[in-house]
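Spelled out from the first residue to the last, the chains are:
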Amino acid sequence: MAHPKAAAGFVVSVALTFLGLLAITFFIGRVVPIDPVLALVGDRAPKAVYEAARAELGLDRPAIVQFASYVGDVVTGHLGTSVSTGRPVAEDLARVFPATLEMATLGIVIGIALGVPMGVYAASRRGSLTDQAIRIVGLFGYAVPAFWLGLVGLALFYAKLQWVSGPGRLEVYYDGMVEPVTGLLLVDSLLAGDSEIFWNALSHLALPASVLGFFSLAYISRMTRSFMLDQLAQEYVTTARVKGLPERLVLWRHAFRPIRVPLLTVCALSYAGLLEGSVMVETVFSWPGIGNYLTVALLNADMAAVLGATLVIGAVFVGINKLSDALYRVLDPRAR
């Protein structure tokens with residue numbers, strides 16, 4: 001059981017981090033060269049209308065008062081109203097975030113399922129052609145632009161081979177046929193017992209999730225290889241091999257176990273990166289997620305939506321990091 005002081009310190013740390021995140025998003029709203037008043041009333045509005053709208057938004061008050069009001073609104077769940085959609089930003093984000101969450105979750109599953117074994121395999125055969133090939137795949141994942149890989153994937157697997165469905169989250173004729181419970185189409189279609197919509201949604205999700213999974217795979221395999229090389233050089237691994245243990249047991253039971261904790265942090269950071277960095281992938285695949293929502297909001301000078309989306313992405317990043325820290329302490333007694 002966690003010590004009360006440690007638990008209190010964790011809560012204070014989360015609160016201060018979130019307060020810092022609020023300050024950063026508030027500052028972004030003030031330095032971005034976009035006037036939210038003009039986005040609301042238009043650039044041809046009379047000065048009196050402009051000033052009235054500015055006062056209505058509270059932009060005529062001192063900055064510290066505006067920040068305090070902003071913190072209060074966020075705490076109560078009020079993120080303003082989107083100029084683009086005319087709906088509360090909180091409602092828009094609740095509608096679009098599950099799409100990003102679904103794509104990023106499948107992406108990180110692909111990245112972990114392939115990246116960890118690849119990293120272990122490469123480390124066990126250091127300097128071999130297999131090791132070089134896996135390292136090249138990793139370097140390719142770092143170097144290739146996301147939008148290029150997405151376009152190539154669409155041209156090959158959708159247009160030419162027709163293995164997967166095209167852009168969008170679901171075929172138009174299925175739209176609205178499944179009641180949104182969680183917002184995750186795969187889950188909601190299973191809850192509704194509609195296998196046809198499930199497979200159609202999975203066909204749409206497969207390619208963008210694979211693109212994200214490839215980028216997480218590149219990072220995870222590289223870090224796994226690095227961690228494993230360090231462990232394989234330890235004396236206890238040499239001792240296990242001298243005793244005649246099968247190489248599979250040496251790798252997975254002895255060398256892999258000590259790297260699980262740092263690897264957890266790597267996977268958490270990769271997952272957070274997929275959630276916040278999927279803007280280009282969502283744009284290429286017309287995916288109705290938070291990245292696409294943020295892009296449209298920027299193009300329409302919709303600052304309430306921009307700040308709300310930025311805040312949610314930052315909060316998710318902070319939350320995943322804090323969760324990984326907590327799991328780190330659970331898995332590694334030395335860190336408690």
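Residues numbered from 1 in each chain as written. Predicted model: local features only at pLDDT ≥ 70, side-chain atom pairs only at ≥ 80, totals over all residues. Heavy atoms only, no water.

**Quick word on the overall build of the protein**
As a reminder, the rule being used: Where helices and strands are cited, they refer to DSSP runs of H or I of at least four residues and of E of at least two residues respectively, numbered from the N terminus. Here the accessible surface of atoms and residues is derived via Shrake-Rupley with a 1.4 Å probe, and residues count as covered only by protein chains that are part of the display. Charge counting treats Lys and Arg as positive and Asp and Glu as negative, with His and both chain ends excluded. Here the site of a charge means atom NZ of a Lys, CZ of an Arg, CG of an Asp or CD of a Glu.
The secondary structure content of the protein amounts to 15 helices and 0 strands. Oriented by its inertia axes, the alpha-carbon framework of the protein measures out at about 85 × 60 × 40 Å. Carbon and sulfur atoms provide 65% of the accessible area of the protein, an area that totals close to 18,300 Å². Taking the average location of the 25 positive side-chain charges in the protein and that of its 24 negative ones, the two points are 15 Å from each other.

**Description of the pattern of salt bridges**
The test is simple: Whenever a carboxyl oxygen of Asp or Glu lies within 4 Å of a side-chain nitrogen of Lys or Arg, that contact is scored as a salt bridge. Only protein chains enter the accessibility calculation, which uses a 1.4 Å probe; a residue whose area is less than 20% of its type maximum is buried, one above 50% is exposed, and one in between is partly exposed.
One pass over the full model with this rule turns up 5 salt bridges. The partner of Asp 92 in a salt bridge is Arg 95, with the nearest N and O atoms 3.3 Å apart. Remark: Arg 95 and Asp 92 occur in helix α5 (residues 89–124); sequence separation between them is 3 residues, near one turn of the helix. Relative accessible area serves as the criterion here: at 0%, Asp 92 is assigned to the buried category. Judged by its relative accessible area of 44%, Arg 95 falls in the partly exposed class. Arg 225 serves as the salt-bridge partner of Asp 131, at 2.8 Å between the closest nitrogen and oxygen. A residue pair is termed long-range when its members are at least 10 positions apart, and Asp 131 in helix α6 (residues 129–143) and Arg 225 in helix α9 (residues 195–232) qualify at 94 residues. For Asp 131, a relative accessible area of 0% puts it in the buried group.

**A few points about the packing of α5 against α6**
For clarity, the threshold we go by: Simply put, an axis is a line fit to the C-alpha atoms, just over the touching stretch for a helix, and the angle between two N-to-C directions goes from 0 to 180 degrees. Angular relationships are summarised with four words: roughly parallel below 35 degrees, roughly antiparallel beyond 145, roughly perpendicular across 65 to 115, and oblique for the angles in between. Rotating anticlockwise by less than a right angle from the far helix to the near helix defines a left-handed crossing, while the corresponding clockwise rotation defines a right-handed one. Only heavy atoms matter for contacts: two residues are in contact if any of them lie within 4.5 Å across the pair.
Look at α5 against α6: their axes get within 8 Å of each other, and the N-to-C directions meet at 140°. Here α5 lies oblique to α6, going by the angle between them. Of the two elements, α5 crosses α6, and the hand of that crossing is left-handed. Facing Met 118, Tyr 121 and Ala 122 of α5, the residues of α6 in contact are Thr 130, Asp 131, Ile 134 and Val 137.

**As for the nonpolar core**
Defined as follows: We call a set of buried residues a nonpolar core when its members are Ala, Val, Leu, Ile, Met, Phe, Trp, Tyr or Cys and they connect through side-chain atoms within 4.5 Å of each other.
Of all hydrophobic cores here, the largest spans 75 residues; its most connected members are Tyr 70, Leu 93 and Met 228. For this core, the element with the most residues is α9, which contributes 15 residues.

**Here we look at the packing of helix α10 (residues 235–242) against helix α11 (residues 247–255)**
Counted only if it meets this: Each residue gets one of three labels, nonpolar for Ala, Val, Leu, Ile, Met, Phe, Trp, Tyr, Cys and Pro, charged for Asp, Glu, Lys and Arg, and polar for the others, Gly among them.
Look at α10 against α11: their axes get within 10 Å of each other, and the N-to-C directions meet at 150°. By the angle between their directions, the pair α10 and α11 is classed as roughly antiparallel. Here the hand of the crossing between α10 and α11 comes out right-handed. Taking contact as the criterion, the partners of Tyr 236, Val 237, Ala 240 and Arg 241 in α10 are, on α11, Glu 247, Val 250, His 254 and Ala 255. A breakdown of the residues in the contact of α10 with α11 according to their chemical character gives 5 nonpolar, 1 polar and 2 charged.

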